[in-house]
Amino acid sequence: MPYDVIVTMAFSPDSRSLAYAVESDVNHPEGFAYFVVVNRKPEKVYETVVYQSILFSPDSRRMAYEAEAHDEFFVVADGKEEKHYSDVVNGTMQFSPDNRRLAYVSDRDTSRYVVVDGKESQEYETVSPVVFDGPRRTRFLATRYDESFNREMLRVEIEIVEE
């Protein structure tokens, strides 16, 4: 399949895998289409693959990126689309140190959420990027309004429980 432009690329930490997002106008009703190619294998076509969003896990076995379709943004992790949002905050995606978990910040309307393994936190007004304190613990800073409409800043910690 011919590619018109390579939009962004990333090497895995072990340098054995290369993933890149390409722009192509081949057989797409909207004109240009975008998709990620991993080790020469193309993935699904989207309206957009977000610039510099390709991320490999620390052990190089997992990969995720942000994409857009029908005016909704979402993360594609290990080839599977996660929940769609009005936005996924670019640069907030990260894998846990043990490679098992993926976290990012998303927007829906005027609220922000931290998403870990596809599960949303409660809603906040603003959210900092997520930090993993280990394989089962994350933390982040957030703001929200209390019941008296005063803005409060929170340090939020999430303990991830196995199901």
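What counts, and at which threshold
Residues numbered from 1 in each chain as written. Predicted model: local features only at pLDDT ≥ 70, side-chain atom pairs only at ≥ 80, totals over all residues. Heavy atoms only, no water. Helix = DSSP H or I, 4+ residues; strand = E, 2+ residues; numbered from the N terminus. Buried < 20%, exposed > 50% of the residue type's maximum accessible area, 1.4 Å probe, protein only. 1 Å grid on protein atoms, 1.4 Å probe; cavity = no way out; pocket = protein on both sides within 12 Å on 5 of 7 lines; lining within 4 Å. Points joined across faces, edges and corners; volume = space filled by probe spheres on them. Nonpolar A, V, L, I, M, F, W, Y, C, P; charged D, E, K, R; others polar. Polar contact = N/O pair within 3.5 Å; in protein donor to acceptor, adjacent residues only side chain to side chain. Pairing = 2+ DSSP bridges. Salt bridge = Lys/Arg side-chain N within 4 Å of Asp/Glu carboxyl O. Core = buried A, V, L, I, M, F, W, Y, C linked by side-chain atoms within 4.5 Å. Contact = heavy atoms within 4.5 Å.

Go over the environment of Gly118 with me, naming the residues and quoting the values.
Positionally, Gly118 belongs in the loop between β13 (111–116) and β14 (119–120). Residue Gly118 is classed as partly exposed on the basis of its relative accessible area of 37%. Considering only alpha carbons, one finds Gly118 and Ala103, 15 residues apart in sequence, at a separation of 8.1 Å.

Break down the layout of surface pockets for me, citing the residues and quoting the values.
Any empty space left between the atoms is revealed when a probe the size of a water molecule rolls over them. Here the largest pocket defines a volume of roughly 230 Å³. As for the largest pocket, its lining consists of 13 residues, of which Val116, Asp117, Lys119, Ile160 and Val161 are closest to the centre. The set of elements that each furnish at least two residues to the lining of the largest pocket consists of β13, β14 and β18 (151–159). Of the residues that constitute the lining of the largest pocket, the class distribution is 5 nonpolar, 1 polar and 7 charged.

Before we move on, could you go through the side chain of Thr92 and cite the residues and values that matter?
Structurally, Thr92 is set in the loop between β10 (87–88) and β11 (94–95). Within the structure, Thr92 has its side chain in polar contact with the backbone oxygen of Val89 (distance 2.7 Å).

Describe the sheet that holds strand β4 (residues 41–42), and please don't skip the residues or the numbers.
Here we have 4 strands laid out as an open sheet, ordered β1-β2-β3-β4, and antiparallel in their pairing. The open sheet has two free edges, formed respectively by β1 (5–11) and β4, since each of these has just one partner strand. Bridge count between strand β3 (residues 33–38) and β4: 2 bridges; the pairing is antiparallel. Counterpart to Val37 in the pairing with β4 is Pro42.

Provide a residue-level description of the pattern of salt bridges, including the pertinent values.
Counted by the stated rule, this structure contains 12 salt bridges. The salt bridge involving Glu125 is made with Arg151; its shortest N-O contact spans 2.7 Å. On the criterion of sequence distance, the pair formed by Glu125 in the loop between β14 and β15 (126–127) and Arg151 in strand β18 is long-range, its members being 26 residues apart.

I'd like to hear about the nonpolar core, residue by residue, with values.
Core analysis: the biggest nonpolar cluster contains 16 residues, and Ala19, Val36, Tyr46, Ile54, Met63 and Tyr65 have the highest contact counts within it. Going through the elements one at a time, β2 (18–24), β3, β7 (63–69) and β8 (72–77) are the ones with two or more residues in this core. Looking at this core element by element, the count peaks at 4 residues for β7. Aside from chain neighbours lying at most four places away, what touches Tyr65 is Val36, Glu43, Tyr46, Val49, Ser53, Ile54, Phe74, Val75, Val76 and Met93. In terms of nonpolar packing, the next biggest core, distinct from the first, is built from 14 residues, Val105, Val127, Val130 and Ala142 among them.

I'd like a description of the environment of Asp133, backed by residues and values.
With respect to the secondary-structure elements, Asp133 resides in strand β16 (residues 131–134). Sequence separation of Asp133 and Ser96 is 37 residues, and the distance between their C-alpha atoms is 8.5 Å. With near-sequence residues (within four places) excluded, Asp133 lies in contact with Thr138 and Arg139. A polar contact is formed between the side chain of Asp133 and the side chain of Arg139, at a distance of 2.8 Å.

Would you mind going over the side chain of Ser121 in detail, with residue names and values included?
Checked against the element boundaries, Ser121 lands in the loop between β14 and β15. Residue Ser121 is classed as buried on the basis of its relative accessible area, which comes to 15%. Those residues in contact with Ser121 that lie beyond four places of it in its chain are Tyr113, Val114 and Ile158.

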